[in-house]
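# Analysis of the macromolecular model
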Amino acid sequence: MAATHGKMKLDKMIDDAKAGKSLFETINNFVFLQGGARDVVVNDNVVGHDIPVNQYAFDAEIPAVAPTIAATNGILSVSLIEQGGCSSQQI
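Quick summary incoming for the structure in this document. Since we're looking at a predicted model, the values are computed, not measured. (Residues numbered from 1 in each chain as written. Predicted model: local features only at pLDDT ≥ 70, side-chain atom pairs only at ≥ 80, totals over all residues. Heavy atoms only, no water.)

### A word on the pattern of salt bridges
Here is the rule: When a carboxyl oxygen of Asp or Glu lies within 4 Å of a side-chain nitrogen of Lys or Arg, that pair is called a salt bridge. Numbering of helices and strands starts at the N terminus; helices are DSSP runs of H or I of at least 4 residues and strands are runs of E of at least 2. Partly exposed residues are those whose accessible area sits between 20% and 50% of the maximum for their type, while under 20% is buried and over 50% is exposed, using a 1.4 Å probe and protein chains only.
One pass over the full model with this rule turns up 2 salt bridges. Residue Lys-12 pairs with Asp-16 through a salt bridge whose shortest N-O separation is 3.0 Å. Of this pair, Lys-12 and Asp-16 both sit in helix H1 (residues 10–18), 4 residues apart, which is roughly one turn of that helix. Here Lys-12 falls in the partly exposed class, since its relative accessible area comes to 37%. In this structure, Lys-21 engages Asp-16 in a salt bridge whose closest nitrogen and oxygen atoms are separated by 3.7 Å. A relative accessible area of 5% places Asp-16 in the buried class. Here the residues in one salt-bridge network are Lys-12, Asp-16 and Lys-21, joined through shared partners.

Given below as structure tokens:
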């Protein structure tokens, strides 16, 4: 499992909402700061698994260009990372 934390540019978010922008357009105002991951085996109810959010910093920018998507469509983005010699999916 993975967890992240960050901060939101609240004044910009409010301005965008007042301008009629959708939630998907305003999500770019959220800045991810750090994240963490933990292997979890789920065979039953899972309770009490704390995931630290300071294992790695998001201190580099990776430019990405996304296609223009019609408002009637959605998109799911999945990345593949290698950590400790193992590959895993991040959704």
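### Focus: the side chain of Thr-26
Let me state the cut-off plainly: The term polar contact refers here to a pair of N or O atoms within 3.5 Å; inside protein, the definition further demands a hydrogen-donor-capable atom paired with an acceptor-capable atom, and it admits residues adjacent in sequence only when both atoms are side-chain atoms. The contact rule is simple, with two residues in contact once any of their heavy atoms fall within 4.5 Å.
Position of Thr-26 among the secondary structure elements: in helix H2 (residues 23–26). Classification of Thr-26 by relative accessible area gives buried; the value is 4%. Here Leu-23 takes part through its backbone oxygen, which lies 3.0 Å from a polar atom of the side chain of Thr-26. Beyond its immediate chain neighbours, meaning those up to four positions away, Thr-26 contacts Met-13, Asp-16, Ala-17 and Lys-21.

### Section: the packing of aromatic side chains
Worth spelling out the cut-off: Under the pairing criterion, centres of Phe, Tyr and Trp rings, with the six-membered ring standing for Trp, must be within 6.5 Å; the plane angle then separates stacked pairs below 30 degrees from edge-to-face pairs above 60, leaving the rest tilted.
One pass over the structure, following the stated rule, counts 2 aromatic pairs. Ring centres of Phe-30 and Phe-32 lie 4.9 Å apart, and the angle between their planes is 75 degrees; on these two criteria the pair is classed as edge-to-face. A relative accessible area of 27% means that Phe-30 is categorised as partly exposed.

### Considerations on the sheet that holds strand E1 (residues 2–8)
Using the following cut-off: A pair of strands is labelled paired if DSSP reports no fewer than 2 bridges between them.
Taking strand neighbours across the sheet as the criterion, the 3 strands line up as E1-E2-E3 in an open arrangement whose pairing is antiparallel. Edge positions in the sheet fall to E1 and strand E3 (56–57), since each has one partner strand and no second. Pairing between strand E2 (residues 30–37) and E3: 2 bridges, direction antiparallel. Each bridged residue has a counterpart across the sheet, and for Gly-35 the counterpart in E3 is Tyr-56.

### Remarks on a nonpolar patch on the surface
Stated formally: Patch criteria: residues need more than 30% relative accessible area and no salt bridge. Like-charged residues are merged within 9 Å; nonpolar side chains of Val, Leu, Ile, Met, Phe, Trp and Tyr are merged within 5 Å. Note that accessible areas follow from Shrake-Rupley with a 1.4 Å probe, and for residues the cover is restricted to the protein chains shown.
Nonpolar side chains collect at one region of the surface, where Met-8, Leu-10 and Ile-14 lie side by side and expose about 280 Å² of accessible area between them. Mapping Leu-10 onto the fold places it in helix H1. By relative accessible area, which is 53% here, Leu-10 ends up exposed.

### As for the pairing of E2
Pairing between E1 and E2: 7 bridges, direction antiparallel. Bridging across to E2, Lys-7 finds its partner in Val-31.

No statement about biological role is implied by the geometric values presented.
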